[in-house]
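# Structure at a glance
Take a look at the letters that make up each chain.
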Amino acid sequence: MATAGPRCRQGGAAMASLAAAEPPAPRAASRSPALGPSRSGGERRSNAADAAQDTQSRSVDFDYIIALLGDSGSKDLEKEQLKTLKKVIKHFENGFPLKDVAQITDILNLCAERMCEQEAFTEPLCELIKLFGLPFQKRKSSDEANYSVEVSQSITHLAYLMSLESSQVRIQICKSVVNFFNTELPGKLLSGYQPTSPNYKIRMAEIGGLAEILVLSLKLVENQLTEKLWVLKALQHLSTSEESCEQMVHVQGASRLCLCLNGADPSGQLLFRSSDILWNLLEKASKEEVVYQLRSLECVHALKEAFLELVFGFRHCDHQLRNDLLVIATLLAESPAVPLIESGFAKILIVLATCTEVKLHNPLVKGFKLTYSYEDFEMKKLLFNIIAVLSKDPSAAQLLNESHVIPALLYYVKQNQRSGFPNWSAAQYEELQLHALAVLASVAPLLVDKYLSCHANTLLLAFLEWCMSQDTFFGGGNSFHGKGGRGTKIAQMRYSLRVLRSVVALYDDAVTNNLCDQGAISQLLDILKYAADKYKEKESIALLDIQADILFILSVLCEDDNDRKELFSCEGIGMLVSYLKMDPRKLCSDTGHNCLILSALDCLWSCVIGCFLAEESFIEKQGVFLLLDLLAIKDNNMCHIILGILVEFSDNPKTVLHMSIWKGKRGRTAANVLIQLWRQEEQDLGVKRDQYGKIVDTKRPLITSFQRQQKVIPLPASCPSFSINEVAESIRAKIYLLFCKLGFQNLPGLSAKDVATLAIIQHFIDFKIGEVWSEISAEIKEEFRPVTSDERTLKLISEVSEYTGRMVLGLQIEALERQHHQEIQEEKEIYKELQATQIKKEMINKSWKNFLAQTSNYEALKKAKMHQKTLIEASRSKAKIHDAPENSTDIPKLHTTSCTEGSSPVGECHLEQG
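Sequence order sets the numbering: in each chain, residues are counted from 1 along the sequence as written. In keeping with the predicted nature of the model, local features appear solely for residues at pLDDT of at least 70, side-chain atom pairs appear and are counted solely at 80 or more, and the whole-chain, interface and lining totals rest on all residues. As a rule here, side-chain values cover all heavy atoms of the structure and leave hydrogens and water aside.

### A look at the overall build of the protein chain
This is how the line gets drawn: Going along the chain from the N terminus, every DSSP run of H or I of four or more residues is numbered as a helix, and every run of E of two or more is numbered as a strand. We call a residue buried when its accessible area falls under 20% of the maximum for its residue type, exposed when it is over 50%, and partly exposed in between, using a 1.4 Å probe and counting protein chains only. The contact criterion used throughout is that any non-hydrogen atoms of two residues lie within 4.5 Å. Working definition of accessibility: Shrake-Rupley area with a 1.4 Å probe, residue cover restricted to the visible protein chains.
Broken down by element type, the protein chain carries 46 helices and four strands. Here the protein chain holds 914 residues, and the buried ones make up 49% of them. Sequence separation of 24 or more characterises 75% of the internal contacts of the protein chain that already satisfy a separation of 6 or more. Total accessible area computed for the protein chain in this model is approximately 46,400 Å², and 52% of it derives from carbon and sulfur atoms.

### Section: the pattern of salt bridges
Going by this rule: Definition used for salt bridges: Asp or Glu carboxyl oxygen within 4 Å of a side-chain nitrogen of Lys or Arg.
Applying the stated criterion to the full structure yields 27 salt bridges. We note a salt bridge from arginine 732 to glutamate 682, for which the minimum N-O separation is 3.3 Å. With a gap of 50 residues between them, arginine 732 in helix H42 (residues 732-742) and glutamate 682 in helix H39 (residues 670-685) connect regions that are remote in the sequence. Per residue, the accessibility class of arginine 732 equals that of glutamate 682, and both read buried. By sharing partners, the salt bridges in this structure join Glu682, Arg689, Glu726, Arg732, Lys768 and Glu771 into a single network.

### Remarks on a nonpolar patch on the surface
The condition that has to hold: In this scheme, patches are assembled from residues that exceed 30% relative accessible area and form no salt bridge. Like charges are connected within 9 Å, while nonpolar side chains (Val, Leu, Ile, Met, Phe, Trp, Tyr) are connected within 5 Å.
Among the surface-exposed residues, Ile765, Ile769, Trp773 and Ile776 lie close enough to one another that they form a single nonpolar patch of about 330 Å² accessible area. With respect to the helices and strands, the residue tryptophan 773 is situated in helix H44 (residues 764-783).

### With respect to the nonpolar core
For the record, the criterion: Here the nonpolar core consists of buried residues drawn from Ala, Val, Leu, Ile, Met, Phe, Trp, Tyr and Cys, with membership extended through side-chain atoms lying within 4.5 Å.
Ranked by size, the top nonpolar core spans 252 residues in total, and within it Leu281, Leu497, Leu627, Leu631 and Phe739 carry the most contacts. Residues within four places of leucine 631 in sequence aside, it is in contact with Cys639, Ile642, Leu643, Leu646, Val673, Leu674 and Leu677.

### Description of the environment of arginine 501
As for its position among the elements, arginine 501 is in helix H27 (residues 490-504). The spatial distance from the C-alpha of arginine 501 to the C-alpha of valine 556 is 9.3 Å, given a sequence separation of 55 residues. Not counting residues within four places of it along the chain, the set of residues in contact with arginine 501 comprises Ala548, Asp549, Phe552 and Ile553.

### Section: the side chain of arginine 114
Note on placement: arginine 114 falls in helix H6 (residues 101-117). What arginine 114 contacts, discounting residues up to four positions off in sequence, is Leu69, Gly70, Asp71, Ser72, Gln81 and Phe121.

### As for the packing of helix H13 (residues 225-238) against helix H16 (residues 269-284)
Just so we agree on the cut-off: In this analysis an axis means a line fitted to C-alpha atoms, helices contributing only their contacting stretch, and an angle means the value between N-to-C directions, from 0 to 180 degrees. Here the angle decides the label: under 35 degrees means roughly parallel, over 145 means roughly antiparallel, 65 to 115 means roughly perpendicular, and every other value means oblique. Left-handed describes a crossing whose near helix is turned anticlockwise from the far helix through less than a right angle; right-handed describes the clockwise counterpart.
Interaxial distance between H13 and H16 falls to 9 Å at its minimum, and their mutual angle equals 30 degrees. The angle between the axes of H13 and H16 places the two elements in the roughly parallel class. In this structure, the crossing between H13 and H16 has a hand that is left-handed. Along its contact with H13, which presents Leu225, Lys228, Leu229, Leu232, Lys233, Leu235 and Gln236, the element H16 presents Gln269, Leu270, Phe272, Arg273, Ser274, Asp276, Ile277 and Asn280.

### Overview of the packing of aromatic side chains
Basically, it comes down to this: Working definition: rings of Phe, Tyr and Trp (its six-membered ring) pair if their centres are within 6.5 Å, and the pair is stacked with planes under 30 degrees apart, edge-to-face with planes over 60 apart, and tilted otherwise.
Inspection of every chain in the model, using the stated rule, returns 14 aromatic pairs. Taking the centre distance of 6.2 Å and the plane angle of 20 degrees together, the rings of phenylalanine 62 and phenylalanine 92 count as stacked. Taken together, the residues phenylalanine 62 in helix H4 (residues 62-70) and phenylalanine 92 in the loop between helix H5 (75-91) and H6 connect sequence positions 30 residues apart. With relative accessibility at 10%, the residue phenylalanine 62 sits in the buried group. With a centroid separation of 5.7 Å and 85 degrees between ring planes, the pair formed by tryptophan 678 and phenylalanine 764 is classed as edge-to-face. A residue pair is termed long-range when its members are at least 10 positions apart, and tryptophan 678 in helix H39 and phenylalanine 764 in helix H44 qualify at 86 residues. Overall, phenylalanine 764 belongs to the buried group, its relative accessible area being 3%. An aromatic cluster of at least three residues, connected via ring pairs, comprises Phe62, Phe92, Phe96, Phe132 and Phe136.

### Some words on the environment of tryptophan 466
As for its placement among the helices and strands, tryptophan 466 is situated in helix H26 (residues 456-468). For tryptophan 466, a relative accessible area of 7% translates into the label buried. Separated by 27 residues in sequence, tryptophan 466 and methionine 493 have C-alpha atoms that sit 9.1 Å apart.

### Quick notes on helix H35 (residues 612-620)
Working note: α-helix, 3.6 residues per turn, so residues spaced by three or four point in the same direction. Among the residues of H35, Ala614, Glu615, Glu616, Ser617, Phe618 and Ile619 are the ones counted as buried. The elements touched by buried residues of H35 are helix H31 (562-569), helix H32 (572-580), helix H34 (593-607), helix H36 (623-631), helix H37 (636-649) and helix H38 (653-661). Among the residues trailing H35, glutamine 622 stands out with phi positive, at a value near 60 degrees.

### Observations regarding the side chain of glutamate 144
Heads up, the condition is: Here a polar contact is recorded for every N or O atom pair within 3.5 Å, except that within protein the pair must consist of a potential hydrogen donor and a potential acceptor, and residues adjacent in sequence are included only if both atoms are side-chain atoms.
Residue placement: glutamate 144 occurs in helix H8 (residues 143-146). A polar side-chain atom of glutamate 144 sits 3.0 Å from a polar atom in the side chain of lysine 138. If near-sequence neighbours (up to four positions away) are discounted, glutamate 144 is found in contact with Leu98, Lys138, Thr196, Ser197, Tyr200 and Arg203.

### What to know about the confidence of the model for the protein chain
What counts is decided by this rule: What pLDDT conveys is the predictor's confidence in a given residue, as a value from 0 to 100.
Residue-level pLDDT values for the protein chain average 83, and 86% of them are 70 or greater. Predicted confidence is poor over residues 1-7, with pLDDT under 50, and the contacts of this stretch with residues over four places away or in other chains come to 22 contacts. Scored below 50 in pLDDT, residues 9-57 shows 78 contacts in the model against residues more than four places distant or in partner chains.

### With respect to unusual backbone geometry
Here aspartate 560, not a glycine, exhibits a phi torsion of approximately 65 degrees, which is positive. Its place among the elements puts aspartate 560 in the loop between helix H30 (541-558) and H31. Using a relative accessible area of 72% as the deciding quantity, one classes aspartate 560 as exposed. With a phi angle near 60 degrees, glutamine 622 is a residue other than glycine that sits in the positive phi range. Along the chain, glutamine 622 turns up in the loop between H35 and H36. The exposure class assigned to glutamine 622 is partly exposed, which follows from its relative accessible area of 45%.

### Focus on the packing of helix H29 (residues 520-537) against H30
Here is the rule we go by: Amino acids are sorted into nonpolar (Ala, Val, Leu, Ile, Met, Phe, Trp, Tyr, Cys and Pro), charged (Asp, Glu, Lys and Arg) and polar (every other residue, Gly among them).
Taken N-terminus to C-terminus, the directions of H29 and H30 make an angle of 155 degrees; their axes are 9 Å apart at the nearest point. The angle between the axes of H29 and H30 places the two elements in the roughly antiparallel class. Crossing handedness for the pair H29 and H30: left-handed. Contacts from Ala520, Ile521, Leu524, Leu525, Ile527, Leu528, Ala531, Ala532, Lys534 and Tyr535 of H29 reach H30 at Leu543, Leu544, Ile546, Gln547, Ile550, Leu551, Ile553, Leu554, Leu557 and Cys558. Partitioned by chemical class, the residues of the contact of H29 with H30 number 18 nonpolar, one polar and one charged.

This is the structure:
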């Protein structure tokens, strides 16, 4: 009968600590007759080949062995039990068949029970455990799946033997687990069997929860260094699997392993294996859960002490392990809940990061020496990175300030030298320089006062001047921050401007005044022109970022200051116009042009609008036309800001004139573009309109689908309602304001549908007022019952709003009918033209037929002649002139062919004889 595990007094309590419940028992032992000759002589089989394959397997009678081990008594019985166990071990010295694993597990558990009573059973138990490290053997390919439950439970039982208070047994279990990952095949196999697949045991270990049990067993070997190292070695192998890592995390494996970092171990294996497993947990399990387990002050202290021990180490492996722990510390620093500052670990890291740039005598780094090896170079970058991570936590500001981080980072804001700097090569120094600038962009906004006191703006402007100079320096462009800067100083320029952008974005007057007093506007415009010219030569993301950053900085510097706007307008407006002429196809690409044009529009709003001279210059350079060209693209990201700019510009009469005469593609006018944007906006907002653009809901013509879904929520007077918020969020109010400047009458290029939409736009403010009153009425009725006079007033307001809606609907219907009538008239005119053309064709055909008849039929020709004479006589005047000479029109002996006049190009002809 299978047992759940060894039952002995020494290991019972420890066993309970490994798991809350015992694993399921394996399949019961086979009840077939004994296979050994001493029991029954064997069972007759029909297939001789199968009998030969089972010869070795039949020599073990599991029922007999299990029954023997289950008995206890005399000394002779103990000898018999040990002798039998040795036979079993000898028989399966090359591995266990899958079909016998369940019985072997029973034997293993019984042997463990005997070991608790007799020390002599320790060696055979270890030998049996050792055989578990060999590959299992299968007869059929399907055996792996068929016996998967028994095998996984067997491995679970094996792990539970860690509860035995035997160092030899525990170490052997760990060795067997390590051998799971050994793909070397045994020298000899049972006849008719083959080894299981290499990863079979690992999969079964995952199913059996082996990693989880071994993590729990760390508590049992807490004071035994050798055993603990073997457990960690086994866990190190298991941590290469995601499933096993998840199991470790499930039993607080991260925190248990972290506390192992500082154990006394002269070999250093304890620290190495524990940190390696932590790495694997962070990579393969849930990083958030691992960090959550390491957030305790005890774990952070353990990590700090381990790091300090390695910082002052001299071996190459110490430096590598130090950097690994530094990465783990960085991941912990990203979580505000981790007490990195409270533990003092953050202070140590910051001091280490700045001690070589700022010479301060700090006892924390006494004895620390930078060797400038590759590992130290990596550590320097990691320390810079952890400063950037800590800068995201406002509580770290004081610590960063006290540690002189700003002066240390500004140390790198100086021109590079081709020969490199002391102890660092040129490539290494460039990488550190760019990294320092990137970190400075994160730290500077947190320490503005320190930033200004160190004259950082002056240093950065001088550094930017060097970036534009014709210096012989050529960037390597090998690092992450140096991307796109190979052979140039573009990377240095990019990150210097990013620092300026980060501090300018604070909208601090001290920062902006300091920059403007040093001529930053003119210098930034020169850099902008330089970057734009370089971009024309060779396009790159870095140059796009530089231009966008400069435009943002200029926007902040010039906002609300007309003197600065005038200074900007001298050269800046021409640059803005060039950006507005950008190819529209680039706006749809993912290369950053969309961000650049948005930055240019923002700069236009801040640096031009409000300054008369700047506005006049922009309009003279056809800026309004360019804005309308961009607006016609109908890019949702730009429509809001372009319409806002046009509204601001519309106070200038020249703007309205330019908008009136603008013509886009296919003859589109500004009014037509604005109306189409209105319709698109209403469609996006879910406003109800019919197919002709007419009002559907005359009570609330402007209501959106979102507003229809909202319930009545009483709001305080200081809180704007949905209707008011909608004015700021949508573009309809801006379009209405522009039409107020353009006018609502006699606008060219509008269809009947456009006119119908224009009627809604014209009464936008009336509808919006009615909508607000509707909300007020609903809120009042939600909480109170208005008095009669108030109710009458609210009803009157509602009726007025509805009347306006019906009136506009009537105007829309009238416009559409007028358009329909006009279309009918135009259709009639076209029909008349077609009819006249057809009649003319028929007359020409008839005349042609008559002509043919006269040329081929003499009688027809005579008849035409008579008709002609009749017409001539009818056309002559009947009154005679007295005493007038009579002249004959006939010419003697003259034969002519005369033609009658008509609509045909060839008249009716006949022969005359004079």
